[in-house]
Amino acid sequence: MGELRNFRLAALATAAILVGAGSVARAQEVLEGIVIDIPAAPGGGTIPIDKVPGGVTVIGSETISGNTRSDIQDVLSKKVPGVLLIDAGGSNIRSQLDYRGFGAGSITGFPQGLAVYQNGIRVNEVFGDVVNWDLIPTNGISDLTVISGNPVYGLNALGGAAVIRMKDGFEFQGVEIESKFGSFGYKEIGTQIGIASGPWALYFAGQHIDEDGWRDFSPAEVDRMYADIGAKGSKVEAHFNLTWAKSSAGVTAATPEDLLNIGYERTFTSPQVTDLEVLMPSVNAKVDVTETLTVSGLAYYRRLKSAVIDGNVLEAEGCGEVAAEALGFDADNLTPGQQAGVDLALANNGLNDENVCGEEGVEGNTPASLALEALGKANGELIEEDDVGDEPFGVIDRINQKAESWGTSFQAVEKRELFNRPNQFLVGVSYDKGSVRYKTASEIGELGDRFVVNGSGITITEPDDFTGRDVDVETEYAGVYFSNTLDVTDALAVTVGGRFNYASVDLVDLTGEFDGITSSHSFERFNPNVGATYKFMPGFQVYAGYSEANRAPTPAELACANPDNPCPIESFLTDDPPLDQVVSRSVEAGIRGELNSNSGDQKFTYGVGYFRTLNENDILFVNSNVTGRGFFFNGGDTLRQGIEARATYEWRERLSIYAGYAYIRATYEDALEFQSPAHPLAGPCSDGGDDICIQVRAGDRLTNVPEHRFKAGFEYMITQKWMFGADLIASGGQFHLGDEINVLPKVGGYTRVDLKTTYQVTDQVEVFGIVNNVFDQRYGLFGTLFEADEAPTGPVGRNFQFKNPRSIVPAAPVAAYGGVKVRF
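Residues numbered from 1 in each chain as written. Predicted model: local features only at pLDDT ≥ 70, side-chain atom pairs only at ≥ 80, totals over all residues. Heavy atoms only, no water.

**Focus: the overall build of the chain**
Alright, step 1. For the chain, the helix and strand inventory stands at nine helices and 44 strands.
Alright, step 2. When the accessible surface of the chain is totalled, it reaches about 30900 Å², and 54% of it is carbon and sulfur. (Helix = DSSP H or I, 4+ residues; strand = E, 2+ residues; numbered from the N terminus. Areas by Shrake-Rupley, 256 points an atom, 1.4 Å probe, with all protein chains shown as cover.)

**Topic: the nonpolar core**
Alright, step 1. Formed by 34 residues in total, the largest nonpolar core has its most connected members in F127, L135, V436, V473, V505, L507 and F632.
Alright, step 2. Of all the elements in the fold, those that place two or more residues in this core are β17 (272-288), β18 (293-313), β21 (393-414), β22 (423-447), β24 (470-487), β25 (492-509), α9 (555-558) and β31 (619-623).
Alright, step 3. Counting residues in each nonpolar core, the second largest holds 31 residues, with Y99, I121, V146 and Y203 among its members. (Core = buried A, V, L, I, M, F, W, Y, C linked by side-chain atoms within 4.5 Å. Buried < 20%, exposed > 50% of the residue type's maximum accessible area, 1.4 Å probe, protein only.)

**Quick look at the sheet that holds strand β10 (residues 160-166)**
Alright, step 1. The mixed open sheet is built from five strands, whose spatial order is β3-β9-β10-β7-β8. Among the strands making up the open sheet, the edge pair consists of β3 (56-60) and β8 (121-122).
Alright, step 2. Bridge analysis of β3 against strand β9 (residues 141-148) gives five bridges, and the strand direction is antiparallel. Residue pairing in the sheet places V56 in a bridge with I147 of β9. (Pairing = 2+ DSSP bridges.)

**A word on the state of the cysteines**
Alright, step 1. With the rule as written, the count across this model stands at one disulfide.
Alright, step 2. Shown here is the disulfide that connects C685 with C693, its sulfur atoms set 1.8 Å apart. Between C685 and C693, the disulfide has an S-S torsion of 80° and is therefore right-handed. Note on accessibility: C685 and C693 belong to one class, buried. (Disulfide = S-S within 2.5 Å.)

**Regarding the pattern of salt bridges**
Alright, step 1. Per the counting criterion, the structure on display carries 38 salt bridges.
Alright, step 2. The salt bridge partner of R421 is D490, with a shortest N-O separation of 2.9 Å. With R421 in the loop between β21 and β22 and D490 in the loop between β24 and β25, this residue pair connects regions lying 69 residues apart in the sequence.
Alright, step 3. Given a relative accessible area of 70%, D490 falls into the exposed group.
Alright, step 4. With a closest N to O distance of 2.5 Å, E616 and R585 form a salt bridge. Pair noted here: E616 is in strand β30 (residues 602-616) and R585 is in strand β29 (residues 582-596), with a separation of 31 residues, a long-range link. (Salt bridge = Lys/Arg side-chain N within 4 Å of Asp/Glu carboxyl O.)

**Focus: the packing of aromatic side chains**
The relative placement of two aromatic rings is captured by the distance of their centres and the angle of their planes.
Alright, step 1. For the structure shown, the criterion picks out 21 aromatic pairs.
Alright, step 2. For the pair F451 and F802, a centre-to-centre distance of 6.3 Å together with 50° between the ring planes defines the contact as tilted. Linking F451 in the loop between β22 and β23 (453-459) with F802 in the loop between β42 (780-785) and β43 (806-810), this pair joins segments that are 351 residues apart in sequence.
Alright, step 3. Relative to Y606, the ring of F604 lies with its centre 6.0 Å away and its plane at 20°, an arrangement referred to as stacked.
Alright, step 4. Since its relative accessible area comes to 33%, F604 is described here as partly exposed. (Phe/Tyr/Trp six-rings, centres within 6.5 Å; stacked < 30°, edge-to-face > 60°.)

**A closer look at the sheet that holds strand β4 (residues 83-86)**
Alright, step 1. As summarised here, the arrangement of the three strands in space is β4-β5-β6, forming an open sheet in which the pairing is antiparallel. Strands at the two margins of the open sheet, each flanked by one partner only, are β4 and β6 (102-104). Averaged over all neighbouring strand pairs, the angle between strand axes comes to 30°, with direction disregarded.
Alright, step 2. Here strand β5 (residues 96-99) runs beside β6; their pairing, made up of three bridges, is antiparallel. Among the inter-strand pairings, L97 is bridged to a residue of β6, identified as A104.
Alright, step 3. In the packing of helix α3 (residues 72-79) onto the sheet, contacts are made with β4 and β5, and the angle to β4 comes to roughly 135°. (Axes fitted to C-alpha atoms, helices over the stretch in contact; angles between N-to-C directions. Contact = heavy atoms within 4.5 Å.)

**A closer look at the pairing of strand β44 (residues 815-823)**
Alright, step 1. Across seven bridges, strand β11 (residues 174-182) lies against β44 in antiparallel orientation. Residue E178 lies in a different strand from β44, and its bridge partner there is K821.
Alright, step 2. Summarising the sheet, strand β41 (residues 765-772) and β44 pair through eight bridges and their orientation is antiparallel. Looking at β44, one finds that V765 is bridged to V822.

**Considering the side chain of R646**
Alright, step 1. Note on placement: R646 falls in strand β33 (residues 638-651).
Alright, step 2. One buried charged side chain, R646, makes no salt bridge at all; its nearest oppositely charged neighbour is E644, positioned 7.3 Å away. (Lys, Arg positive; Asp, Glu negative; His and termini not counted.)

**Structural notes on the environment of Q602**
Alright, step 1. Checked against the element boundaries, Q602 lands in strand β30.
Alright, step 2. A relative accessible area of 31% means that Q602 is categorised as partly exposed.
Alright, step 3. The spacing of Q602 and E653 is 51 residues in sequence and 9.4 Å in space, taken between C-alpha atoms.
Alright, step 4. Not counting chain neighbours up to four residues away, the residues in contact with Q602 comprise L595, N596, S597, Y649, E650 and W651.

**Describing a nonpolar patch on the surface**
Alright, step 1. A cluster of nonpolar side chains, contributed by F410, F425, V427, V429, V480, F482, V496, F500, Y502, F526 and V530, occupies part of the molecular surface with about 870 Å² of accessible area.
Alright, step 2. Those elements that place two or more of their residues in the nonpolar patch are β22, β24, β25 and β26 (519-537).
Alright, step 3. Topologically, V480 is positioned in strand β24. (Patch = residues over 30% accessible without salt bridge, like charges linked within 9 Å, V, L, I, M, F, W, Y side chains within 5 Å.)

**Some words on the pairing of β30**
Alright, step 1. The sheet contact formed by β29 and β30 spans 14 bridges and is antiparallel. By the bridge assignment, L595 is partnered in β30 with F604.
Alright, step 2. Joining the antiparallel neighbours β29 and β30 is a turn of five residues, in which G600 adopts a positive phi near 80°.
Alright, step 3. Of the strand pairs in this sheet, β30 and β33 are connected by 14 bridges, and their pairing is antiparallel. Looking at β33, one finds that Y606 is bridged to A647.

**Comments concerning the environment of L486**
Alright, step 1. Relative to the assigned elements, L486 resides in strand β24.
Alright, step 2. By relative accessible area, L486 is classed as buried at 16%.
Alright, step 3. Each C-alpha atom, one on L486 and one on F425, is 8.4 Å from the other, the two residues being 61 residues apart in sequence.

Below, the structure is given as structure tokens:
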């Protein structure tokens, strides 16, 4: 009933806002004149959008710059029917996308399902295929295309691809400076400059964003820039460009609902900070060899530095009464923090259950007496108990990586007629080489006020769950692809294509302690696609297509697949069994079209489509029985299917309206056993061990994938200088991670409305105002479970008790912003 109520509210709000004028967003247009890029040099290989046998959305730069938020993810969630924000990290600038049940985000530990390209370069990061959206300057984007499954886009295009084309000095000339200030200490300044002179052009875009954040410990700061030098002749065009960015975000993650009832700004365990820096120079060029043949290519280098600090409650298993008593604890009533202290004291002195509490213990000289003097070892020196602090204990995981990658791609496009009919044939090759140095460490600390872990300086060396890693990773990806689109008749266009992918991943343990990490893996597959579009009449077109794609396991997944040795969500590496690659098979069909009034001052576009994607050997992430840790495994088949619908209306340059809806049913297709220690209905696993599991049935829904998503909006020119607009997003509920059996209450659905207005003071100066979440709706963007009965309550108060195992990442409350934009 809650979801139905939300959609009734959405319908009423939509009726209220669809009354008014402005510039139409290109996001929903289906026009013969619009083309989309295929990887390699931008513009080197394009296909008209009306000949794409699948779902496709193009978002222009005006739509991106006019959005109420400065993150690409929010624009996509409003303009693409199947996209929604699913934020596991708790930071607007680093939120994740869900497109038709496939993810694209920045957190290692969440399987990725979209390939993302910037100027023809695949920017899914080497280590975990994650996408760091916050490292892309939004004011430098020319357009962004989201296209459904197509193997031409290479590895990880299970659900599709997002293709970002950046601006250059031939496209943008002049200077633009924008400043924006608002709620929660938000400050933003951006500039772009474009100069063209004869065959040469220069372009620069830069942004600085700084905010305090509305949750505890959630500040964010981003500096990012993009520069391009271009040269263009009658047959040759070449560009050198550079992307640099540095970001720091308090990624405050999910909070127990019981804690949010005390304060909506509350967080559960800190610090949680992610610092990133990227440098990516590249060159690309295209040559018109003949009137019909174009050859293009690119080469790039990318360096990413990542530092994650992640504080958690410390939980460990085992040990006995002797050690507990030696530490001064009541052995019959150990708190989770005391138990953790006992475990670490023994482990760091090379002790275990048997030689402390079992028959091997030596009376009068028990090793447990050493535990009283030391809770850890650092550089061979004993650390006094007072150095750690009082219980409850916490742990600070530090995860650092330096990733370097380089690659090149070449392709040729021939547009010579075939059988006296228009035809486009594309063939290309790509090669990408990556290396990663990955290092981790865990520090024991005291869990203080507001669940902040205060570090002790003691690095944990045992047990394996907490022992630091030092790993070298090498990857190689290669692909050969082709695509051919033939206009069989003036109405019928047929596309056939395919891509062969090869991937290798080599891991080497540099500590000498984890021989199982050292391993080599390789994967290969050919993925075909075929489809057609048919124009029955002006304004009415049908399309249908079939495609396959594959995703090789990433280094993070390959080295974190052992349920007996789980990893933090921002993965430590373990010695693990191998994983199989994921193979997707997709079918899609629909109708779309465009209708124009006789006078030409009104335009209506529409589209309705069905999609179905079956993933074989899907790689899933599951929480383990150790708090804050989990592992990957091949979870059989998963299915994502549904419908998408969209419509836009434009009247002159005064009014534009858009609306979109998606229904997505994402299910497990096989019976599975998941570890889920926090689930109230979990029981012993089938292997008879101590782990706690739930039993997933075929047909159960994937977690954190809402079934219903609706969006609508308008822009209206009240006068020639004054615009007013609104955007609405409504979502159904979603099951929590850990409730794969779908029996607990969902993360609730929601309806959010954003308002915006601009006023053109002069031809050069524009002022604007924004209100996000104007009705101050309280809702969650992601849900997971935690062990409420074992969570420490001291940081809250003596009379507080966790009773609800559900936790969510709360969405931002109402926020207002204002600014000015100057162009000359």
